[in-house]
Amino acid sequence: MRLWSRELWRIAWLATIGVCVGWLLGSAGLGLAAGLSVCLFHHLRQLRALFQWLTLNPHEEPPAASGMWGELLDRLYRYQKSQRITQGRLRATLARIQESSEAMRDSVVMLDRHGDLEWWNSAATDMLGLQTAHDRGQHITNLLRDPRFISYFNAREYGEPLTLPSPIDERSVLQYQITLYGDDERLVMARDITRLHRLEQMRRDFVANVSHELRTPLTVLSGYLETYGDLAEQLPPRLGRGIEQMQDQTQRMQNLVNDLLLLSRLEIDQGGQDHQPLSVEPLLNSVCQDALALSHRKHAVRVVIESDARLLGSEQEIRSAISNLAFNAVRYTPAGSQITLRWAAMGNGGACIEVEDDGEGIDPVHIPRLTERFYRVDKGRSTATGGTGLGLAIVKHVLLRHDAQLHVESHPNEGALFRCIFPANRLIQA
């Protein structure tokens, strides 16, 4: 405020002196104009010095000035200096980020809000074939043209990674993960998972081959045991019990082999050839009857239909998934429990098949691992009930092939709810 006061006093004094001089010369107005012109000349001179400093020598110290102009130039110089320091820190930080990104084995690609390439590391050059001289500013889908990547990019749902062959070497397999940041910008990361993919393929082939090879000897063994079982009355009691136990274990091994073969088929086969509109109510009624037969009608099993929509999918696979959930409910709940099979609409336009029971429930700590192969909450209890440990893994893969998800809600002593959620594009409204 003091500087402004001084400047106003200076203008007032110049105007007063100009009026006095003009009055003495016989023209007070002309004297006032002359005084204000001197003031204007001073400010224009200082403004010209400021302009030359900012355009010609912005990194040098500002020109000398007094009063308000001196304070203004000093403030601009301090602000400019602090901005240079901040910019230097940002450049150093950006350089460290780029250096660390260059050291990564994974590809890192930065896109602007339009999806155009801004920057990428050297791994992206080797892995994706990006060229600095030609590709900067190009849209990502002009360079990665696989329709599956384009759909993944445009869907803007990046919760799960996308696995595709490399665009420059079909023998390599890449896993893409996109992250949104800043002003709708995207960070694309690609990882070479060729070795993991081959190991997984070897595992699948091994399980499928071993399961297939075990099928024949188990069938032969089961046939002979069934023959001896018909003669159990003529055998000593101890030997008869042994044959009965061998029959049970052989049946259990056959169930395990069948589940392994089914799981291998679900993993390897793309599916979709037998998808057709399904009426859910008859399917649930059939599963209900099978569950009642399994429990010897010791459980109360009911079907609730709250939607008349039909489901687009494979009847055999959907039946297998819902049967696994219903049979688990029978096996792991005490006699007299209530089991509900429900088909209901959801608020987002989709629908769900629910299998709910009022049994002992599951500790939430186990829920994330329920769909793992051979994972058991209670190993001794699962063995006693005859489960293979593959049922929920089969459910998971069936749902994935139908663009669906499995949600589990359960707490100890509060029962369990298994919800198979199907998106709207899998429904056909009546």
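Residues numbered from 1 in each chain as written. Predicted model: local features only at pLDDT ≥ 70, side-chain atom pairs only at ≥ 80, totals over all residues. Heavy atoms only, no water.

We count it as follows: UniProt positions are given in the numbering used here, feature names are shortened, and annotations may be inferred rather than shown by experiment.
An unreviewed UniProt entry lists the protein under the name Phosphate regulon sensor protein PhoR, with Vreelandella songnenensis as the source organism. The protein has a UniProt comment under Function (unreviewed entry) that states "Member of the two-component regulatory system PhoR/PhoB involved in the phosphate regulon genes expression. PhoR may function as a membrane-associated protein kinase that phosphorylates PhoB in response to environmental signals." One UniProt comment on the protein, placed under Subcellular location (unreviewed entry), says "Cell membrane".

### Quick notes on the environment of V109
Inclusion rule: Numbered from the N terminus, helices here are DSSP runs of H or I no shorter than four residues, and strands are runs of E no shorter than two. For this analysis, residues touch if any pair of their heavy atoms sits within 4.5 Å.
Tracing the backbone through its elements, the reader meets V109 in strand β1 (residues 107-111). V109 sits 79 residues away from V188 along the chain, and the two C-alpha atoms are 5.0 Å apart. Among residues more than four places away in sequence, those in contact with V109 are L117, W119, W120, A124, L128, L130, R186, L187 and V188.

### Digging into the nonpolar core
Note the cut-off: Buried Ala, Val, Leu, Ile, Met, Phe, Trp, Tyr and Cys residues that are joined via side-chain atoms within 4.5 Å together make up what is termed a nonpolar core. To sort residues, take the accessible area from a 1.4 Å probe on protein chains only and compare it with the maximum for the residue type: under 20% means buried, over 50% means exposed, and anything in between is partly exposed. Either an automatic procedure or a domain database provided the assignment from which the domain bounds are taken.
Of all hydrophobic cores here, the largest spans 44 residues; its most connected members are L311, I318, I322, W343, I353, F418 and F422. For this core, the secondary structure elements donating two or more residues are α9 (237-268), α10 (280-295), α11 (315-331), β9 (338-345), β10 (351-357), α13 (391-400) and β12 (416-422). Residue-level mapping places this core at the junction of two domains, with at least three residues from each of domain 3 (197-267) and domain 4 (276-428). Once residues within four sequence positions are removed from consideration, I318 is found in contact with L278, L283, L311, I353, V398, H402 and F422. Listed in part, the 21 residues of the second largest apolar core include L111, Y152, Y176 and A190.

### Examining the packing of α11 against α13
For clarity, the threshold we go by: Geometry is summarised by axes, namely lines fitted to C-alpha atoms with helices restricted to the contacting stretch, and by angles between N-to-C directions that run from 0 to 180 degrees. We call a crossing left-handed when the near helix sits turned anticlockwise from the far one by less than a right angle, and right-handed when that turn is clockwise. Residue polarity is assigned by list, with Asp, Glu, Lys and Arg as charged and Ala, Val, Leu, Ile, Met, Phe, Trp, Tyr, Cys and Pro as nonpolar; anything else, Gly included, falls into the polar class.
At a closest axis distance of 9 Å, the pairing of α11 and α13 adopts a crossing angle of 145°. For the pair α11 and α13, the sense of crossing is left-handed. Contacts between α11 and α13 involve E317, I318, S320, A321, N324, L325 and N328 on the former and, on the latter, G391, L392, I394, V395 and V398. A class-by-class count of the residues in the contact of α11 with α13 yields seven nonpolar, four polar and one charged.

### Thoughts on the pairing of strand β3 (residues 162-165)
Defined as follows: Strands are treated as partners if at least two bridges between them are detected by DSSP.
By the alternation rule, side chains of β3 split into L162 and L164, which are all buried, and T163 and P165, of which none is buried. As paired strands, β3 and strand β4 (residues 173-181) are joined by four bridges and run antiparallel to one another. Looking at β4, one finds that T163 is bridged to Q175.

### Digging into the packing of aromatic side chains
How we decide: The aromatic pairing rule takes the rings of Phe, Tyr and Trp, using the six-membered ring of Trp, and pairs them if the centres are within 6.5 Å, calling planes under 30 degrees apart stacked, those over 60 edge-to-face and the rest tilted.
Per the counting criterion, the structure on display carries three aromatic pairs. Both rings, one in F149 and one in F153, keep their centres 6.2 Å apart while their planes meet at 25°; by these two values the pair is stacked. Of the two residues, F149 and F153 are both situated in helix α7 (residues 147-155); the distance of four residues between them amounts to about one turn of the helix. A single burial state applies to F149 and to F153, both of which are buried. Connected via pairs of aromatic rings, a cluster forms that spans F149, F153 and Y176.

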